[in-house]
Every structure is written in structure tokens, then in C-alpha cells.
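# Results of the structural survey
Below, each chain spelled out in residue letters.
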Amino acid sequence: MVADMSYSTVSNVIDSWEAVRRTDNYEQEVGTKLFVKFFALEPEAKAIFGFRDNQSDEQLIKSRRFLKHASYFIQMIDKALGMLGPDIELLTEILLELGQKHVNYGVKPEYFPSMGRSLIHAIQATLGDDSFDAEIKDSWVEVYGALSYDMIRAQKL
């Protein structure tokens, strides 16, 4: 699935990600926006990450563990995006393995669309509407869909 993306789609994502990376402390900033949004969409998922259902956004943002996980997740996105070109077969293998691990963590396949919406929200909030137009958003939707497809497929094996 990942190998079927067009050059312009991948280029749009890589270029916009490079703009995100120029943001101060981008891993923590984008990761925090992403997980605050994700937990708003999927509050029961907090337990998978070791947080209480009743923890507020303010409490989460003050948690070192939350900030560390948010940054780590963005580092993983960064690595995956860096593999979109020359290492596409390896990326697919890694995503399949990661999908299997996520089964053990209790991640449900139905969380992936919410995570995608959260990722796109975080990137758009970071770049602003002028830099994150409909074409860029469509590219991110396609790339995230392809990446998450392999992880979801692994969960069903």
C-alpha cells in the first residue's frame, strides 16, 4: 500500500514535515497537540498509555511521561517519513511488526482513524491554514492511510 503513493503526494508530505521540523521543540509541541486531540476523540485510549480517564489536558501536559511519549511518537513519525523513498520495503516490514506489537498494547484498529485525524490536526495547527492547504491535507490523509493500513493489516494476521 505504501509503495503505491505518487511522487507529488510523498513530496507534499515531506516538504510540509520539514516545515514542521523547523518549529522550536517540534517533537514535544506537535506530539502534545496530537495526543490531546486523540484523547479527546478516544478518551478510553488513555488507559493504554497508562493515564487515567479523568486526567485533564492540563494534567497530561504537565506529566513528564506524557511529554516523553508525545515526543517519542513524533520521532517515530519522523523516522517513518524518512523511509518513504529509498527504504519503502523495509518500512512496510517495520510497520507490520509495529502493528503486531500494538495488538499486545491493546490498541484497537478503530483507533487508527482517530490517530490520523489527530496527526493532521496537530500538523495543521503547527503550520497554520495558509501553509496547510487542501492539497497538503489530502496528501497527509493518503500517506497516513497507507502507513496505518500496514499496521492494521498486521493486527488482523
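Described below are features of the structure shown in this document. Not measured: the values here are computed from a predicted model.

## Re the overall build of the protein chain
From N to C terminus, the protein chain includes seven helices and zero strands. Listing each helix as α and each strand as β along the protein chain from the N terminus yields α-α-α-α-α-α-α. Its C-alpha atoms give the protein chain a radius of gyration of 15 Å, within 12% of the compact-globule value 15 Å for 157 residues. Counting only C-alpha atoms, the protein chain reaches 45 × 40 × 20 Å along its principal axes. Among the 157 residues that make up the protein chain, the fraction classed as buried is 45%. A fraction of 76% describes how many contacts in the protein chain between residues 6 or more apart in sequence connect residues 24 or more apart. Mean positive and mean negative side-chain charge positions of the protein chain (17 and 24 charges, respectively) differ by 10 Å.

## Some details on the packing of helix α1 (residues 7–21) against helix α6 (residues 111–127)
For the pair α1 and α6, the least separation of the axes is 10 Å and the interaxial angle reads 60 degrees. The element α1 and its partner α6 pack so that their crossing is left-handed. In this structure, α1 contributes Ser16, Trp17, Ala19 and Val20 to the contact, and α6 contributes Ile123, Thr126 and Leu127. Residue composition of the contact of α1 with α6, by class: five nonpolar, two polar and no charged.

## Focus: the pattern of salt bridges
In the structure shown here, the tally under the stated rule is three salt bridges. The salt bridge partner of arginine 153 is aspartate 150, with a shortest N-O separation of 3.1 Å. With a gap of three residues between them, arginine 153 and aspartate 150 both fall in helix α7 (residues 134–155), about one helical turn apart. Judged by its relative accessible area of 32%, arginine 153 falls in the partly exposed class. Bridged by salt links that share partners, the residues Glu18, Arg21 and Asp78 form one connected network.

## Some remarks on the packing of aromatic side chains
The full count for this structure, using the stated rule, is 14 aromatic pairs. For the pair tryptophan 17 and tryptophan 140, a centre-to-centre distance of 5.9 Å together with 55 degrees between the ring planes defines the contact as tilted. One end of the pair, tryptophan 17, is in helix α1; the other, tryptophan 140, is in helix α7, with 123 residues separating them in the sequence. We note that tryptophan 17, like tryptophan 140, is buried. Consider the rings of phenylalanine 38 and phenylalanine 39, whose centres lie 5.8 Å apart with planes at 50 degrees: the pair is tilted. Using a relative accessible area of 2% as the deciding quantity, one classes phenylalanine 38 as buried. One aromatic cluster is present, formed by Phe35, Phe38, Phe39, Phe49, Phe51, Phe66, Phe73 and Tyr111 through successive ring pairs.

## A few points about α1
Over its 15 residues, α1 extends 21 Å from the first C-alpha to the last, a length consistent with the 21 Å expected when each residue adds 1.5 Å. Within α1, the full set of buried residues consists of Thr9, Val10, Ser11, Asn12, Val13, Ser16, Trp17 and Val20. Structurally, α1 contributes buried residues whose contacts are with α2 (26–41), α4 (64–82), α6 and α7.

## Concerning the packing of α2 against α6
Two numbers describe how α2 lies on α6: the axes approach to 8 Å, and their chain directions differ by 140 degrees. When the interaxial angle is binned, α2 and α6 end up oblique. Between α2 and α6 the crossing geometry is right-handed. On α6, the residues that touch Val30, Lys33, Leu34, Phe35, Lys37, Phe38 and Leu41 of α2 are Tyr111, Ser114, Met115, Arg117, Ser118, Leu119, His121, Ala122, Ala125 and Thr126. Here the contact of α2 with α6 is built from residues that sort into 10 nonpolar, four polar and three charged.

Criteria and thresholds
Residues numbered from 1 in each chain as written. Predicted model: local features only at pLDDT ≥ 70, side-chain atom pairs only at ≥ 80, totals over all residues. Heavy atoms only, no water. Helix = DSSP H or I, 4+ residues; strand = E, 2+ residues; numbered from the N terminus. Rg over C-alpha atoms; globule rule 2.2 N^0.38 Å. Buried < 20%, exposed > 50% of the residue type's maximum accessible area, 1.4 Å probe, protein only. Contact = heavy atoms within 4.5 Å. Lys, Arg positive; Asp, Glu negative; His and termini not counted. Charge placed at Lys NZ, Arg CZ, Asp CG, Glu CD. Axes fitted to C-alpha atoms, helices over the stretch in contact; angles between N-to-C directions. Left-handed = near helix turned anticlockwise from the far one by under 90°. Nonpolar A, V, L, I, M, F, W, Y, C, P; charged D, E, K, R; others polar. Salt bridge = Lys/Arg side-chain N within 4 Å of Asp/Glu carboxyl O. Phe/Tyr/Trp six-rings, centres within 6.5 Å; stacked < 30°, edge-to-face > 60°. Expected span 1.5 Å × (residues − 1). Parallel < 35°, antiparallel > 145°, perpendicular 65-115°, else oblique.

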